[in-house]
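# Remarks on the overall topology
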Amino acid sequence: MTRRNRPLVVVAVVILAVLAAAGYLLTRKGSSHPKAAATSTATAAGSSAPKPSAPKPSPPSGGAPAPSGTWVPADPALADVCRTKLPSQAQDTLGLIAKGGPYPYNRDGIVFENRENRLPRKADGYYHEFTVVTPGSNDRGTRRVVTGGTGEQYWSPDHYTTFQEIDPRC
């Protein structure tokens, strides 16, 4: 290598390093998180997933405090669904969540990672997922309830493609 080529080689190496770092960050954002792999491996190995406690009422989302007993959506941009409008199996799942189990599937209560950011962004471990039994299905089916750390609850009839926040008042 000649002295004239040395600065070009250094610049090329720096550019490659920057591109590699950017590529790593972009692919990491869309792929499985290492913690997720460890959680699913531990669950598959037979250890029991931590069971979340009973849901707490959703806190007000800002502004003046809501009167006691008033429900305030965690994300006003998300559609709401009345609890009584959910299928009976979803209501059964909500009852099990309130009691703290036992749950029919070993994956109930595991951390839901919200990778597609369809729910409000929160810290890792904030959301937990629960299966809603689908009559006639020979597996877990596609229906889920996802709970948040402060008690909010979400309904997904289509395996996390869409969500509605569950309104407990109706």
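Scroll up for the structure.
All values derive from a computational prediction rather than experimental measurement. (Residues numbered from 1 in each chain as written. Predicted model: local features only at pLDDT ≥ 70, side-chain atom pairs only at ≥ 80, totals over all residues. Heavy atoms only, no water.)

### Re the environment of T150
For T150, the location among the structural elements is in the loop between strand 4 (144-147) and strand 5 (153-156). Each C-alpha atom of the pair T150 and Y126 lies 8.6 Å from the other, and the pair is 24 residues apart in sequence. One polar contact links T150 to Y126, side chain to side chain, over a distance of 3.0 Å. A distance of 2.6 Å separates the side chain of T150 from the side chain of E152, its partner in a polar contact. (Helix = DSSP H or I, 4+ residues; strand = E, 2+ residues; numbered from the N terminus. Polar contact = N/O pair within 3.5 Å; in protein donor to acceptor, adjacent residues only side chain to side chain.)

### A word on the state of the cysteines
Throughout the structure, instances matching the rule amount to one disulfide. What pairs with C82 in a disulfide is C170, and their sulfur atoms sit 2.0 Å apart. What sets the handedness of the C82 and C170 disulfide is the S-S torsion sign, and at about -95° it is left-handed. With C82 in strand 1 (residues 80-82) and C170 in the segment after strand 6 (164-167), this residue pair connects regions lying 88 residues apart in the sequence. Exposure remark for C170: the relative accessible area of 27% places this residue in the partly exposed category. (Disulfide = S-S within 2.5 Å. Buried < 20%, exposed > 50% of the residue type's maximum accessible area, 1.4 Å probe, protein only.)

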